[in-house]
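Chain by chain, the residues:
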Amino acid sequence: MKVIGGIRLPHKKAAAEVPTSEIPLPKRLTVPMLMSMGKPCTPAVKKGDRVTVGMRIGDPVQEGLCVPVHSPASGTAEDITDFRLADGNTCKAVVIRTDGLQETFHGIRPPVIQNREDFIRAVRESGCTGLGGAGFPTYAKLSFDSKKTPVDTLIINGAECEPYIVSDYREFMENGSDILFGIRTVMDKLEIGRCIIGIEDNKPAAISLMKKIIGSDKSIAVKALPSRYPQGAEKVLILSLTGRIVKEGELPAHCGVIVMNASTVGFLGRYFKNGMPLVQRRITLDGNCVNNPGNFFVPLGTCVSDLMGLCGAEGYEEAFYGGPMMGVSLYDIRQPVTKLNNGITFFKKIHSVQTTACIRCGRCVRACPVKLMPLDLESAYDKKDTKELKRLKAGLCINCGCCTYVCPAGRRLAEKNQLAKQMLAKL
Amino acid sequence: MNVSPSPHMHDNISTSKIMLQVIIALMPACIAGGIIFGPTAVFDLALCVASCVLCEYICRRLMKKSNTVSDLSAVVTGLLLGANLPVGIDPLCCVIGSVAAIAVAKQLFGGIGQNFANPAIFGRIVLTVSFASQMTTWREPFYYKKGVDAVTAATPLITKNAAYSDLFLGTTGGCIGETCAAALILGGVYLAAVKIITLHAPAAFIGTTALLTLLAGGDPVYAVLSGGLLLGAFFMATDYSTAPITGKGKLLFGAGCGLITFAIRQWGSYPEGVSFSILFMNLLTPYIDRLCVLKPIGAKEERQ
Ligand code: SF4
Ligand code: SF4
């Protein structure tokens, strides 16, 4: 197995053995029309319309990446509002006043799949996006061109290397057979010969359970990965499991691989059986100021403020979508849970790090899983030297944050790299 | 509500914590120096540390820059400079060496991380050049107990007849912090164990010197244990600012140091070449860094 750079992190997976529970249905849900990478949907309901669970409330636009949005609850579309996304852009959001009946939409039935096209259409119709955090629409990932980029390996990402977050682990423990069904369907419909499930070796229970569920099927392997952050980063995972390298500007399919997150494939497994689109997801609520860490099935659009009581977040100063390494700060505690969030982390600052001069200790270089030179990238960015940034391959940075994490001078290296990438993109 | 870019966690390491580890790692050698060469040695070390810190403070004040005294790097420089001086040297030399190290070699180039020459080495070389006789007057171990005013001794590099045990324990003539091989190895291994340094440069430095000495018909163990080799290899060839960043670069750097040290010891007029070799390789560091860039995973073409 290839060795990555990366770092050792405290795992802090306190919620690992807490079974997932339902939350009391919130009175109001704010469902944004964009909950993935790509373009926002157009609202398919008007103010005052009645909605039911699984009913389509956002129609995808024709051009570009886009997946439909469905109602997580039954009730009334109370309002169509403007919604500010984390990156500063806006989209529409449907505000639903729930009625507590949770009546299922009459059109819900398992998808009928005859061929590859049906399959891709069904996956798109499910509203599925990568549930690991990046939120790449799943149908787009699966519609690779098998002539140009033949795919021979399906990788299931169960690394879950972020501290605190355990939602994929719970998917393995509670929905292992859904995962297997999802894997089999994908392999069958896309004619992929083998599957490797990669799980970090700090989750031995999930590894042995999956081995048991898979049984004697030789085409699906479970592999234990070293628990080293960022093991779950797509490129790192591919390298670890297959030794293949995704070149700059290329997709995993170019080296014959498709990577799906464990929760994503588990969801697809259920969807193929019952046809219920993506309207809720499992998230972990934890953090360094949380009294009762836990896992919950949360309807999309639930405000984070409605969740705080469930885990007893006390005196938090920051909250992030996702884990503390790559998580995005919430600017408002009333922001909703979307398809992208595998957890919400509540944080109290433990130590403040002062930024001082780089001492050239080389820690950032040793920590970078892509073998970049973060200290050189930073000074090139500060000089606005785009030529040097390109030479140093700023574009390959996966924003894992390892460099910032280890820097004794408290330099915000990962952040600078993001800015550098934006600068290069504008050229 | 706070909003900040990721990552939201930090290793909780800082420059001052790193420097503190280096200071801890230097303690065995300093204590050994204190035992072997007496209170004057302790005084010399303390004087160097105090002058370095004060000089750093004044420089930063004069340049109207944030004060970096608390990062403890000046303390490390002071200890290293003191360790590189013979006991009983004129206190004025300690002060001059410190000023050369901090004001000229470090702050003139912008302070920590920016300097191209190792400050302590630069200070030592300034003193070697300007106070040659002071810098080569060595005392016998435990001279202070013998009551005689000054018992001079030659270093093992000149006599070439010290016992291994004396070299190992440091009971020979030499600079305050360089004689006790046991203490230096202990410190070096500690620094590597707590991941402050990697062993690339020390291993290449020591290995090259030993190998070349062996090839030239000398005694490699003697060459490694005597003189300032271990002090230089573990504590000065591993300096962050003035040595290459990548492992490959560090190996090259160490090998270069070993080669030059051997050449000076073998053919030079000066018996010890460790300081000069490190200073020379410091000058080459930017070029080595250019030569040894990493190839990012997934890069399509080689970086030039
Ligand atoms: S980790 Fe920080 S101090 Fe060390 S080389 Fe990188 S940027 Fe400089
Ligand atoms: S430079 Fe990018 S890829 Fe490398 S450690 Fe930093 S954030 Fe991660």
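Note that residues are indexed from 1 along each chain, following the sequence as it is written. Starting at A for chains and at 1 for ligands, labels are handed out in the order in which the entities are written. Selection of residues for local features in this predicted model requires a pLDDT of at least 70, selection of side-chain atom pairs for listing and counting requires 80 or more, and totals for whole chains, interfaces and linings are taken over all residues. Side-chain metrics rest on all non-hydrogen atoms present in the structure, leaving aside hydrogens and water.

J.: Describe the overall build of chain B, with residues and values.
T.: The helix count covers DSSP runs of H or I at least four residues long, the strand count covers runs of E at least two residues long, and both are numbered beginning at the N terminus. Each helix and strand counted, chain B has 14 helices and two strands in total. Dimensions of chain B along its principal axes, counting C-alpha atoms only, are 70 × 45 × 30 Å. Between buried and exposed lies partly exposed: a residue is buried under 20% and exposed over 50% of the maximum accessible area for its type, with that area taken using a 1.4 Å probe on protein chains only. Every one of the 304 residues in chain B was classed for burial, and the buried ones make up 57%. Contact definition: two residues touch when any of their heavy atoms are within 4.5 Å. Intrachain contacts of chain B at a sequence separation of at least 6 include 72% that bridge at least 24 residues. Element-wise, carbon and sulfur atoms account for 68% of the exposed surface of chain B, whose accessible area totals about 12400 Å². Seen as two clouds, the 19 positive and the 15 negative side-chain charges of chain B have centres 8 Å apart. We get accessible surface area from the Shrake-Rupley algorithm with a probe of 1.4 Å; when it comes to residues, only the shown protein chains can shield them. Charge assignment: positive for Lys and Arg, negative for Asp and Glu; neither His nor the chain ends contribute. Charge positions come from single atoms, namely NZ of Lys, CZ of Arg, CG of Asp or CD of Glu.

J.: If you had to explain the pairing of strand β5 (residues 56-59) of chain A to someone new, which residues and values would you point to?
T.: Residues and elements named next belong to chain A. At least two bridges found by DSSP between two strands are what make those strands a pair. Inspection of the sheet shows strand β3 (residues 42-43) paired to β5 by two bridges, in the antiparallel sense. In the sheet register, T42 faces β5, and the bridge partner there is D59. Pairing geometry for β5 and strand β6 (residues 69-70), over two bridges, is antiparallel. In the sheet register, G58 faces β6, and the bridge partner there is V69.

J.: Explain the interface of chain A and chain B to me, and be specific about the residues and the numbers.
T.: Many structure descriptions define interface size as the accessible area lost when the parts assemble. Each partner contributes to the interface: chain A provides 59 residues, whereas chain B provides 41 residues. Buried area is understood as the total, over both parts, of accessible area removed when two parts are fitted together, assessed with a 1.4 Å probe. For the pair chain A and chain B, the summed buried area comes to about 4400 Å², and 58% of that belongs to carbon and sulfur atoms. Summed over the three residues of chain A that lose the most area to chain B, namely A:I359, A:R360 and A:R391, the buried surface amounts to 17% of that side. For salt bridges, the criterion is a side-chain nitrogen of Lys or Arg within 4 Å of an Asp or Glu carboxyl oxygen. At the boundary of chain A and chain B, one finds three salt bridges. Notably, a salt bridge pairs A:E388 with B:R290, separated by 3.6 Å at the nearest N-O pair.

J.: Describe in detail the sheet that holds strand β10 (residues 194-200) of chain A, supporting the description with residues and values.
T.: Residue and element names in this part refer to chain A. Strand order in the open sheet made by the four strands is β11-β10-β9-β12, with parallel pairing throughout. One side of each edge strand has no neighbouring strand; the edge strands of this open sheet are β11 (220-225) and β12 (257-261). Within this sheet the neighbouring strands show an average axis-to-axis angle of 25°, counted without direction. Examined bridge by bridge, β10 and β11 share six bridges and lie parallel to one another. Axis lines are fitted through C-alpha atoms, for helices just across the contact stretch, and the angle between N-to-C directions can take any value from 0 to 180 degrees.

J.: Please provide a residue-by-residue account of the domain arrangement of chain A, values included.
T.: Residues and elements named next belong to chain A. Delimitation of the domains relies on an automatic or database domain assignment. Partitioning chain A into structural domains gives domain 1 (116-274) and domain 2 (363-425). Put simply, the middle of domain 1 and the middle of domain 2, counted by C-alpha atoms, are 29 Å apart. In this complex, domain 1 contributes six residues to the contact, which on the side of domain 2 involves six residues. For the pair domain 1 and domain 2, the two sides together bury roughly 530 Å², of which 70% comes from carbon and sulfur. The interface formed by domain 1 and domain 2 includes one salt bridge. Put simply, K393 and E248 hold a salt bridge, and the shortest N to O gap is 3.2 Å. Considering only residue class, the side of domain 1 that touches domain 2 consists of four nonpolar, no polar and two charged. As a working rule, the residues Ala, Val, Leu, Ile, Met, Phe, Trp, Tyr, Cys and Pro are called nonpolar, Asp, Glu, Lys and Arg charged, and the rest polar, with Gly in that last group.

J.: Give me the lowdown on the site of ligand 1, citing residues and values where you can.
T.: In the vicinity of ligand 1, the residues found are A:C358, A:I359, A:R360, A:C361, A:G362, A:R363, A:C364, A:L375, A:C407, A:P408, A:A409 and A:L413. The residue inventory of the shell around ligand 1, partitioned by class, reads nine nonpolar, one polar and two charged. Near residues are defined by distance, with any heavy atom within 4 Å of the molecule or strand qualifying the residue.

J.: Please give an account of the packing of aromatic side chains that cites residues and values.
T.: Stacked, edge-to-face and tilted labels apply to pairs of Phe, Tyr and Trp rings (six-membered ring for Trp) whose centres lie within 6.5 Å, assigned for plane angles under 30 degrees, over 60, and everything in between, in that order. In this structure the tally under the stated criterion is nine aromatic pairs over all chains. The interplanar angle of 50° and the centroid separation of 6.0 Å between the aromatic rings of A:Y271 and A:F272 together place this pair among those described as tilted. Each member of the pair A:Y271 and A:F272 is classed as buried. Their ring planes at 80° and their centres at 6.0 Å tell us that B:Y143 and B:Y144 sit as a pair that is edge-to-face. When the ring centre of A:Y381 is taken as origin, the NZ or CZ atom of A:K384, which lies over that ring, is 4.0 Å away. Throughout this description, the term charge over a ring refers to an Arg CZ or Lys NZ atom that lies within 6 Å of the ring centre and within 35 degrees of the ring normal. Just above the ring of B:Y143 sits the side chain of B:R139; from NZ or CZ to the centre is 5.6 Å.

J.: Residue-level account of the environment of B:G273, with values.
T.: Here B:G273 lies in the loop between α13 (247-267) and α14 (274-291). Separated by 46 residues in sequence, B:G273 and B:G227 have C-alpha atoms that sit 9.0 Å apart.

J.: Tell me about the site of ligand 2, and name the residues and values.
T.: By nearness alone, 14 residues border ligand 2, and A:C368, A:C397, A:C400, A:C403 and A:N417 come closest of all. Mapped by element, the contributors of at least two residues to the shell around ligand 2 are α11 (402-406) and α12 (413-426) of chain A.

J.: Give me the lowdown on unusual backbone geometry, citing residues and values where you can.
T.: A:Y229 connects to A:P230 through a cis peptide bond whose omega is -5°. Residue placement: A:P230 occurs in the loop between β11 and α5 (234-242). The residue after B:S6, namely B:P7, is reached through a cis peptide bond having omega -5°. On the secondary structure map, B:P7 appears in the segment before α1 (15-37). Positive phi, close to 50°, is recorded for A:Q102, a residue that is not glycine. Relative to the helices and strands, A:Q102 is located in the loop between β8 (90-98) and α1 (116-125).

J.: Can you tell me about a nonpolar patch on the surface, naming the residues and giving the values?
T.: Residues and elements named next belong to chain B. A surface patch of nonpolar side chains, amounting to about 780 Å² of accessible area, comprises V104, L108, F109, F116, F280, L283, L284 and Y287. No other element matches the four residues that α14 contributes to the nonpolar patch. The residue L108 is located in the loop between α4 (91-106) and α5 (119-130) in this model. A relative accessible area of 66% places L108 in the exposed class. Like charges within 9 Å and nonpolar side chains (Val, Leu, Ile, Met, Phe, Trp, Tyr) within 5 Å are joined into patches, using only residues over 30% in relative accessible area that form no salt bridge.

J.: Which residues make up the pattern of salt bridges, and what are the values?
T.: Two side chains with opposite charge may pair up if their charged atoms get near one another. Per the stated rule, a full pass over the model turns up 36 salt bridges over all chains. Three or more residues joined by partner-sharing salt bridges are found here, namely A:E17, A:R170, A:E171, A:E174, A:D178, A:R270, A:K273 and A:R282.

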